[in-house]
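# Overview (structure and organization)
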Amino acid sequence: MRDALLIALFAFLGAAAAGVLGACVLLLIRRRSLIAHLTVVAGVGVTAMLAGTLAVAQAMFLSGHDLSVVTTVVAMAAVVSLATALLLGRWVAARSHALALAARSFGDGGDFTSPDGPATAELAAVSRELEATSARLAESRERERALETSRRELVAWISHDLRTPLAGMRAMAEALEDGVAADPDRYLKQIRMEVERLNGMVGDLFELSRIHAGTLTLSLARMSLYDLVGDALSGADALAREHGVTLVGGQVEGVPVEVDGREMSRVIGNLLVNAIRRTPADGTVAVTAERSPDGVVLSVTDGCGGIPEEDLPRVFDTGWRGTHARTPPAGAGLGLAIVRGIVEAHQGRATVRNVPGGCRFEVVLPAAAS
């Protein structure tokens, strides 16, 4: 029993010495290839066995013949182990290289495609993560392209909308200055109207910039949706009369909501103005508000005749007008984008869908706590 313990002790000391040496080598080559690491690991295993055997032999527990036999066996094991390590290392390195080449497609704006062939569980997991990341990047690039297109269109449209009234105001101002205006009061009234229109456009741009920059600050307060809708209907009544449109708000429940009254009034006002301008004369714009399982649903239904299905996903995009016209009724394409931004800032959502004879804009807000 004592001899067995001594043999185990000497074998452990010899193997431990080889293990420490291997750990030092791995530390020195930690930045080298996987092939080198696998070779060292295989060499450590064989060297530990040989070192333990030599330690036991030096303690006179093995004869010279037995030592020769064991050394020969260890040498053959070393050859096979190192060859296996090299083959495995080359295969893993080749797979890693193929994975690296496939990952370069990220930098070229392409999609990642996992290399063909078998792989270790770890490399397969990396491939799956890269594929998922590729899908997210593709979605992000698509959104960025859409936003960039929207920004370019917005700049072009706003430039046109600013240039047109400015040119008219300059012409009217020159006519007034030269004293050739046939009706100066009418010119002054028109200039005032254009200034108000430009002021509203600048205000919309400022509001939209705050929304996009994430600097929109809300002052939440508990209030009745009935009061908010009532005030908005009163404010839009004159415009509705001008366009010959009837406003209907009889199905509005007095449900409480936690909102910023000023910003939410802007949401309702923008939806009403948009609906009135798109509804033909003698048409009807209906406003409803009711509880739902998702919260509180505020809807504005117009008589515009509907929106093409392919345009529905773009209705709330910045700069979308739903028409190629550049006339003032088309607006600057900012109102609905502002609606979505304000509603989402309230943790709600804004949607649109076609209904018989027109379309229905819905704003879903969280219900106020009881």
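Residues numbered from 1 in each chain as written. Predicted model: local features only at pLDDT ≥ 70, side-chain atom pairs only at ≥ 80, totals over all residues. Heavy atoms only, no water.

By the naming in an unreviewed UniProt entry, the protein goes by Sensor-like histidine kinase SenX3 and is assigned to Streptomyces chartreusis. The UniProt entry for the protein carries this comment under Subcellular location (unreviewed entry): "Cell membrane". Taken directly from UniProt, the Catalytic activity (unreviewed entry) text for the protein runs: "ATP + protein L-histidine = ADP + protein N-phospho-L-histidine." (UniProt positions renumbered as here; feature names shortened; annotations may be inferred.)

## Looking at the overall build of the protein
A tally of helices and strands in the protein yields eight helices and seven strands. Burial analysis of the protein (370 residues in total) assigns 33% to the buried set. By sequence separation, contacts in the protein at least 24 residues apart represent 69% of the contacts at least 6 residues apart. A total of about 21600 Å² of accessible surface is found on the protein, and carbon and sulfur atoms cover 60% of it. (Helix = DSSP H or I, 4+ residues; strand = E, 2+ residues; numbered from the N terminus. Buried < 20%, exposed > 50% of the residue type's maximum accessible area, 1.4 Å probe, protein only. Contact = heavy atoms within 4.5 Å. Areas by Shrake-Rupley, 256 points an atom, 1.4 Å probe, with all protein chains shown as cover.)

## Structural notes on unusual backbone geometry
Phi at Asp282 is positive, roughly 70°, even though this residue is not glycine. Along the polypeptide, Asp282 turns up in the loop between helix H7 (261–278) and strand S4 (284–292). One non-glycine residue with positive phi stands out, namely Gln347, at about 65°. Here Gln347 shows up in the loop between helix H8 (335–345) and strand S6 (349–355).

## Comments concerning the environment of Asp294
Topologically, Asp294 is positioned in the loop between S4 and strand S5 (295–301). When residues no more than four places from it in sequence are discounted, the contact partners of Asp294 are Arg349, Val364 and Leu365.

## Details of the nonpolar core
Ranked by internal contacts, the top residues of the largest apolar core, which has 48 residues, are Leu225 and Leu272. Per-element accounting of this core gives the leading share, eight residues, to helix H6 (residues 225–243). Among the domains, domain 2 (150–213) and domain 3 (221–366) are the pair contributing at least three residues each to this core. Leu225 has contacts with Val252, Glu253, Val255, Val257, Ala289, Val296 and Leu298, leaving out every residue within four places of it along the chain. (Core = buried A, V, L, I, M, F, W, Y, C linked by side-chain atoms within 4.5 Å. Domains from an automatic or database assignment.)

## Quick notes on a nonpolar patch on the surface
On the surface, a nonpolar cluster with roughly 300 Å² of combined accessible area is contributed by Met76, Val79 and Val80. Along the polypeptide, Val80 turns up in helix H3 (residues 64–103). (Patch = residues over 30% accessible without salt bridge, like charges linked within 9 Å, V, L, I, M, F, W, Y side chains within 5 Å. Salt bridge = Lys/Arg side-chain N within 4 Å of Asp/Glu carboxyl O.)

## Observations concerning helix H5 (residues 184–213)
Residues lying three or four places apart along an α-helix face the same way, a consequence of the helix completing one turn every 3.6 residues. The end-to-end C-alpha distance of H5, which contains 30 residues, comes to 43 Å, matching closely the 44 Å that a straight helix rising 1.5 Å per residue would cover. Looking at H5, one finds that the buried residues are Tyr187, Ile191, Glu194, Leu198, Met201, Glu207, Leu208, Arg210 and Ile211. Count one or two residues on from H5 and you reach Gly214, which has phi positive near 75°. (Expected span 1.5 Å × (residues − 1).)

## Digging into the environment of Ala98
Residue position: Ala98 is located in helix H3. Judged by its relative accessible area of 27%, Ala98 is partly exposed. Between the alpha carbons of Ala98 and Pro115 there is a distance of 6.3 Å; along the sequence they are 17 residues apart.

## Some words on H6
For H6, which comprises 19 residues, the first-to-last C-alpha distance of 26 Å matches the rise-based estimate of 27 Å (1.5 Å per residue) to within 8%. If you look at H6, its biggest bend is around 40°, right at Asp237. For H6, every residue scored as buried is listed here: Leu225, Leu228, Val229, Ala232, Leu233, Ala236, Leu239 and Ala240. Its buried side turned inward, H6 meets strand S1 (221–224), strand S2 (246–252), strand S3 (256–259), H7, S4 and S5. One side-chain oxygen of the residue at the start of H6 lies 3.2 Å from the amide nitrogen of Tyr226, identifying that residue as Ser224. (Bend = angle between axes of the 7 residues up to and from the residue. Polar contact = N/O pair within 3.5 Å; in protein donor to acceptor, adjacent residues only side chain to side chain.)

## Observations concerning the sheet that holds S6
Overall, mixed pairing links the five strands, which are arranged S2-S4-S5-S7-S6 in an open sheet. Each edge of the open sheet is held by one strand with a lone partner, namely S2 and S6. Averaged over all neighbouring strand pairs, the angle between strand axes comes to 15°, with direction disregarded. Where S6 and strand S7 (residues 358–365) come together, seven bridges link them in antiparallel fashion. Residue Arg353 lies in a different strand from S7, and its bridge partner there is Arg360. Relative to S7, H7 is tilted by about 175°, and along the sheet it contacts S2, S4, S5 and S7. (Pairing = 2+ DSSP bridges. Axes fitted to C-alpha atoms, helices over the stretch in contact; angles between N-to-C directions.)

## Quick word on the environment of Ile342
Within the secondary structure layout, Ile342 lies in helix H8. Distance from Ile342 to Arg266, taken between C-alpha atoms, is 8.8 Å for residues 76 residues apart in sequence. Apart from the residues within four sequence positions on either side, Ile342 is in contact with Glu207, Ile211, Leu216, Glu263, Arg266 and Val267.

## Some remarks on the pattern of salt bridges
Under the counting rule described, the total for this entry stands at seven salt bridges. Among the ionic pairs, Arg241 bridges to Asp237, the shortest N-O distance being 2.8 Å. Taken as a pair, Arg241 and Asp237 lie in helix H6 at a separation of four residues, close to a single helical turn. According to the relative accessible area criterion, Arg241 is exposed, its value standing at 64%. Residue classification places Asp237 among the partly exposed residues on the basis of a relative accessible area of 31%. Beyond isolated ion pairs, a larger network of salt bridges with shared partners links Arg353, Arg360 and Glu362.

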